Amino acid sequence: MIITTTPNVEGRRITAYHGVVTGEAILGTNVFRDFFASIRDIVGGRSGSYEKSLRQGRELALGEMGDEAQRLGGNAVVGVDLDYENITSGNGSSSMLMVVASGTAVTLE
């Protein structure tokens, strides 16, 4: 399955469009990771735990989107867009990371 942010794949012709496909991943983040990430934000540096969550969410969303494209008969997804959102509860005690991937399922020759 070819998945690309470009509107086409160089050297390949799109022979059929199967429609918009999406994949969603929602991951919980835990209180301790949030706490240590906030400390790291204050003192500088990278938050490896959040980077790992982002990567995991992206992989899950892209995989789900690719599976949907395959179910529709496509062998590629073009024009892919990734959106990230941090969802917190009303009192801010818990948060979730949402990753959404969307694109157009196509058949390439």
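Located above this text is the structure these notes cover.
Participant: Can you help me understand the overall build of the chain in this one?
Facilitator: When you go through the chain residue by residue, the secondary structure sums to two helices and four strands. Start at the N end of the chain and walk to the C end: the helices and strands fall as β-β-α-α-β-β. Counting over 109 residues, the chain shows a buried share of 28%. If you take every contact in the chain between residues at least 6 apart in sequence, the share linking residues at least 24 apart comes to 76%.

Participant: Looking at this structure, I do not really get a nonpolar patch on the surface. What am I missing?
Facilitator: The grouping of I26, I87 and M96 at the surface amounts to a nonpolar patch, some 250 Å² of accessible area in total. Secondary-structure assignment places I26 in strand β2 (residues 14-29).

Participant: Explain the environment of Y50 here, please?
Facilitator: As for its placement among the helices and strands, Y50 is situated in helix α2 (residues 48-71). Judged by its relative accessible area of 27%, Y50 is partly exposed. With 47 residues separating them along the chain, Y50 and L97 place their C-alpha atoms 9.5 Å apart.

Participant: Sorry if this is basic, but what is going on with the pairing of strand β3 (residues 76-88) here?
Facilitator: It is a general feature of regular strands that their side chains alternate between the two faces of the sheet. Two elements, strand β1 (residues 2-3) and β3, share two bridges in a ladder whose sense is parallel. Across the sheet, the residue bridging to I2 is A76, located in β3. Pairing of β3 with strand β4 (residues 95-108), which is carried by eleven bridges, proceeds in the antiparallel orientation. The partner of T88 across the bridge, within β4, is S95.

Thresholds, definitions, all that
Residues numbered from 1 in each chain as written. Predicted model: local features only at pLDDT ≥ 70, side-chain atom pairs only at ≥ 80, totals over all residues. Heavy atoms only, no water. Helix = DSSP H or I, 4+ residues; strand = E, 2+ residues; numbered from the N terminus. Buried < 20%, exposed > 50% of the residue type's maximum accessible area, 1.4 Å probe, protein only. Contact = heavy atoms within 4.5 Å. Patch = residues over 30% accessible without salt bridge, like charges linked within 9 Å, V, L, I, M, F, W, Y side chains within 5 Å. Areas by Shrake-Rupley, 256 points an atom, 1.4 Å probe, with all protein chains shown as cover. Salt bridge = Lys/Arg side-chain N within 4 Å of Asp/Glu carboxyl O. Pairing = 2+ DSSP bridges.

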